[in-house]
2 protein chains.
Amino acid sequence: MATSPSRRLDQLIQALQRLPGVGVRSASRMAYHLLQHDRNGAEQLAQALLAACEGIRHCALCHTFSDEEVCPTCADPSRDAGLLCVVESPADQAALERTGAYRGRYFVLMGRLRPLDGIGPDDIGVRPLLERLQTPPPVREVILATSFTAEGEATAHVVARLAQTLGLKVTRLARGVPVGSELEYVDPGTIAHALADRR
Amino acid sequence: MATSPSRRLDQLIQALQRLPGVGVRSASRMAYHLLQHDRNGAEQLAQALLAACEGIRHCALCHTFSDEEVCPTCADPSRDAGLLCVVESPADQAALERTGAYRGRYFVLMGRLRPLDGIGPDDIGVRPLLERLQTPPPVREVILATSFTAEGEATAHVVARLAQTLGLKVTRLARGVPVGSELEYVDPGTIAHALADRR
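**Some details on the interface of chain A and chain B**
Consideration 1: Across the boundary between the two partners, chain A contributes 54 residues, which contact 54 residues of chain B.
Consideration 2: Buried area between chain A and chain B, summed over both chains or domains, comes out near 5300 Å², and the portion from carbon and sulfur atoms is 65%.
Consideration 3: Considering only the surface of chain A that becomes buried against chain B, Arg8(A), Arg18(A) and Phe65(A) emerge as the three largest contributors, covering 13% of it.
Consideration 4: Summed over the shared surface of chain A and chain B, the number is four salt bridges.

Laid out in structure tokens, this is it:
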């Protein structure tokens, strides 16, 4: 009979498996590490989790995670409220912000369509997006910045239809050859798009 | 300027990186997942972390993680206190317990010698092991069950010397061909050991 040395340890290993991509072996390794070498880190993590659960909600305008009713980006009066860039996640939004090339607003879907996993338009932020498009400040152009994958394209398609029924202008990030790449190593689909959209 | 949407989110992503093997990308993915789909799990994890930090200590006898002063295995009067099996981790102890073939006691080093990383005898449980060997109940045989790797062998060597200076009998788990394996695929070192130790 394998008596576990500690019920609390078992519970910690079980709870760590709620993290995506963490199975029983990594969970054990994490638990041993925290208990043996970093109890401080464990307590910090616990406090951060509680603070996040208690304090993080969705921005009333762009639907991203936010500590306030309206997130700092939406509350920034210097940003163009007529441009609305639709992204899948806060990480994608951060990638766009890093360019420094965009000064409009965002809408964060917090997901993408995954029909094979049963994730439809109602499971991501399509309904809040519709509300957002119908309330002031008015939007004149919706920029689709979802991923260039099958799922991202499907998501873009649904959002585009929605925006078009409201009579809004809809654009998509340009497809093309990435900066710094040698043509030899770029896939044919990308080159075909770059040819068609040459300027 | 990339304004993060939430300071609490940043702190959570930072705290998750205290987990071994978790970088900024997995930490973000974990944080998004918990906040978006499993706030219950996040709270459970926080409680489990706090309970573990507060309640888990080292067993006074075998040094493994324990909720009590003495862990259930050491407290079990039916186990032979004269046999002391030295392992590296609670996971290794659990592997031995699963066999059902051992009814002695354990000592868990909570690590192994890693000279290249600066982990010496004082960083693992060699000192508590010495105390354990010098306090009753008396031990008549020390069974070395550290890993069969360079680091595990070095650890076994140090523990063996320690036990021998106290005049104790020291044995090592047998090296040999794993049950269920075909000779063709077994490495030469293992076959050489199996030949030398044939019975």
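**Thoughts on the side chain of Asp38(B)**
Consideration 1: If you trace the backbone, Asp38(B) turns up in the loop between helix H2 (24–37) and helix H3 (39–55).
Consideration 2: Every residue in contact with Asp38(B), bar those within four places of it in the chain, is listed here: Arg18(A) and His33(B).

**Things to note about the packing of aromatic side chains**
Consideration 1: Evaluation of the coordinates by the stated rule reveals four aromatic pairs over all chains.
Consideration 2: Between Tyr102(B) and Tyr106(B), the aromatic rings sit 5.2 Å apart at their centres with planes inclined by 70°, giving edge-to-face as the arrangement.
Consideration 3: Exposure remark for Tyr102(B): the relative accessible area of 12% places this residue in the buried category.
Consideration 4: Directly above the ring of Phe148(A) sits Arg172(A), whose terminal nitrogen or CZ lies 4.0 Å from the centroid.

**Re unusual backbone geometry**
Consideration 1: Positive phi outside glycine occurs at Met110(A), with the angle close to 60°.
Consideration 2: Along the chain, Met110(A) turns up in the loop between strand E4 (104–108) and helix H6 (126–134).
Consideration 3: Of note, His63(B) is a non-glycine position whose phi angle comes to about 75°, a positive value.
Consideration 4: The topology assignment puts His63(B) in the loop between strand E1 (57–58) and strand E2 (65–66).
Consideration 5: For His63(B), a relative accessible area of 18% translates into the label buried.

Reading the values: the criteria
Residues numbered from 1 in each chain as written. Chains lettered and ligands numbered in written order. Predicted model: local features only at pLDDT ≥ 70, side-chain atom pairs only at ≥ 80, totals over all residues. Heavy atoms only, no water. Contact = heavy atoms within 4.5 Å. Buried area = accessible area lost by both parts, 1.4 Å probe. Salt bridge = Lys/Arg side-chain N within 4 Å of Asp/Glu carboxyl O. Helix = DSSP H or I, 4+ residues; strand = E, 2+ residues; numbered from the N terminus. Phe/Tyr/Trp six-rings, centres within 6.5 Å; stacked < 30°, edge-to-face > 60°. Buried < 20%, exposed > 50% of the residue type's maximum accessible area, 1.4 Å probe, protein only. Lys NZ or Arg CZ within 6 Å of the ring centre and 35° of its normal.

Remember that the coordinates give geometry; whether it matters functionally is a separate question.
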